[in-house]
Amino acid sequence: MKKFTLLAEQGIVNTPSIHADPCQLNFSHRYGVRAGSINPNLFQDQEYKYGSFGNPDPAVRARAFGHTKDSIEIAKRLHSRDISMWFADGSNYPGTANIRQRKRWFEELLKAAHAELSENQRLLIEYKPFEPAFYHTDIADWGMALHLAGNSGPQAKVLVDTGHHYAAQNIEQIVAWLLSEEMLGGFHFNDRRYADDDLTLGSIDPYQIFRIFQEILFYQWETGKQADIAYMIDQSHNLKGKIEAMIQTVTMAQELFAKSCLVNFSELVTAQKNCDLVRAESLLQDAFATDVRPMLREWRQSKGIPPNPMEAFRQSGYLERITKQRSAGNSQSVSSYA
Ligand SMILES: [Mn+2]
C-alpha cells in the first residue's frame, strides 16, 4: 500500500492474534510500516456472550480487563500509541441487563485501563448504536463514549466509526462537537447504505466524507491548531479483492481531502456571518465538484510513485503471485463486527 499510495503506513492490530509472539510483528524492519492502533478483542469468545467490561460475572470482567492490560503492554512493546476499545456489550431484551450498573463497571474498568497507559499512549473509545446487541448497547453513541473518555482520564478520546450511526445522523456535526471539546481521537473510515456495512470509503456517499474533512480543516483554520487524529480504515471486503479495495479507499480519501482543502474558509466565514446561505453552501459544493485527480497525479509523480496506483498495482503482478503462494492457507476465516 505504501509503495503505491504513500499512505497507509500503519496497520491496525487485533489482539489476541499476536499473543504468541508480538515480536513477529517486526513490521518496521521488513516493510517500512508500523503497528498503528492495538485493538483488544473483547467480543469473539463465547465467554463474552453476556458482555466483557459489563458482564455481571466478576471473573469475566477480570478476564476482559486482563486482556486489555496485556494489549496495552503489547502496544508499548510495539511503540504503538493508540489502544482502541470497541465493545460488543449490550443486551437483546428489555429488563435483562442493569444498564446503570453496567455503566459503572465501564467507568471503573476504563479508568483502570487508562492508568496502565504510558504517558504518550491514548485510549480511544468507540461507540455503536446496535449490532450485535439489538435492545441496548452499553456504549451506544458519542455522548456515552465522551462521558466514559472524560471519566477515564486526559489520554482517553472518542473514536468515530463512520458506519456506527443511525441512518441520516449528522456525523460531521458530531465531529465538529468532538473537535470543539478536543476529544476527537480518531476515525474508523468506511461507507454504508443500511447499517454497519463496512463498504469502501466514498462508495455510497463521498459527500459525507468530504463534509467530515471540511469540518476538520475548518477547525484547524479557525483555531490555528493541528487536530491530533488517527485516521484508520475499518472495512470488510468479502467480494472485492482486499488490496484493490484498500487502494481505492486511500485514493478516494486523498481525493476527498484534496477537495475539502479547496474550501475558502475566509469567504465561508463571511457568508455565514451575512447569512448568505446560497454563497456558503456553494463554497462547499464547488470544492466538492472540482476534479482534483490531475493534481493528485502530478503530486504522486513529484513523490516518485505511480500516478495511477491501481493500474500500477494491477501491472505489478503481485496479486497473482501472492494468491498462488497463499491459496492453501486461506481456508480459515475470521469474522468481526467491529
Ligand atoms: Mn470500527
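Scroll up for the structure.
Cut-off values and rules
- Residues numbered from 1 in each chain as written.
- Predicted model: local features only at pLDDT ≥ 70, side-chain atom pairs only at ≥ 80, totals over all residues.
- Helix = DSSP H or I, 4+ residues; strand = E, 2+ residues; numbered from the N terminus.
- Rg over C-alpha atoms; globule rule 2.2 N^0.38 Å.
- Buried ≥ 20, exposed ≤ 12 C-beta atoms within 10 Å, placed from the backbone.
- Pairing = 2+ DSSP bridges.
- Axes fitted to C-alpha atoms, helices over the stretch in contact; angles between N-to-C directions.
- Parallel < 35°, antiparallel > 145°, perpendicular 65-115°, else oblique.
- Left-handed = near helix turned anticlockwise from the far one by under 90°.
- Contact = placed C-beta atoms within 7 Å.
- Core = buried A, V, L, I, M, F, W, Y, C linked by C-beta atoms within 7 Å.
- Nonpolar A, V, L, I, M, F, W, Y, C, P; charged D, E, K, R; others polar.

Q: Help me get a handle on the overall build of the protein, residues and values and all.
A: Within the protein, the regular secondary structure consists of 13 helices and 9 strands. Taking 338 residues into account, the globule formula puts the C-alpha radius of gyration at 20 Å, and the protein, at 21 Å, falls close to it. Taking the principal axes of the C-alpha coordinates as reference, the protein spans close to 60 × 55 × 40 Å. Here the protein holds 338 residues, and the buried ones make up 36% of them.

Q: Let's hear about the pairing of strand β3 (residues 82–85): which residues, and what values?
A: Of the two faces of β3, the one lined by D82 and S84 and the one lined by I83 and M85 are each fully buried. In this sheet, strand β5 (residues 122–126) lies alongside β3 in parallel orientation, the contact comprising 4 bridges. Bridge pairing in β5 places I83 opposite L123.

Q: Tell me about unusual backbone geometry, residues and numbers included.
A: With omega at 10 degrees, the peptide bond leading from E131 into P132 counts as cis. Within the fold, P132 resides in the loop between β5 and β6 (136–137). Although it is not a glycine, E131 sits at a positive phi angle of roughly 75 degrees. Inspection of the secondary structure puts E131 in the loop between β5 and β6. According to the C-beta neighbour criterion, E131 is partly exposed, with 14 such atoms within 10 Å. Notably, E182 is not glycine yet its phi reads approximately 55 degrees, a positive angle.

Q: For the packing of helix α8 (residues 242–261) against helix α11 (residues 293–302), give the residues involved together with the corresponding values.
A: Following both chains from N to C, one finds α8 and α11 inclined at 115 degrees, their axes separated by 10 Å at the closest point. Taken together, α8 and α11 sit at an angle that is classed as roughly perpendicular. Viewed along their axes, α8 and α11 form a crossing whose handedness is right-handed. Each of Q254, E255 and A258 in α8 lies in contact with α11, whose residues at this interface are R293, M295 and L296.

Q: Can you tell me about the nonpolar core, naming the residues and giving the values?
A: One finds I125, W142, A145, V158, V160 and V175 to be the most contacted residues of the largest nonpolar core, which totals 60 residues. When residues of this core are assigned to their parent elements, the largest contribution, 6 residues, is made by helix α3 (residues 58–77). Residues within four places of V160 in sequence aside, it is in contact with W142, I174, V175, L184 and F187.

Q: Pulling in residues and values, what's your account of the packing of α3 against helix α4 (residues 99–115)?
A: Packing of α3 against α4 brings their axes to within 10 Å, and their N-to-C directions diverge by 25 degrees. It follows that α3 is roughly parallel to α4 by the angle criterion. Seen from above, α3 lies across α4 with right-handed handedness. In contact with R61, F65, T68 and I72 of α3, α4 contributes W105, L109, A112 and A113. Among the residues forming the contact of α3 with α4, the class breakdown is 6 nonpolar, 1 polar and 1 charged.

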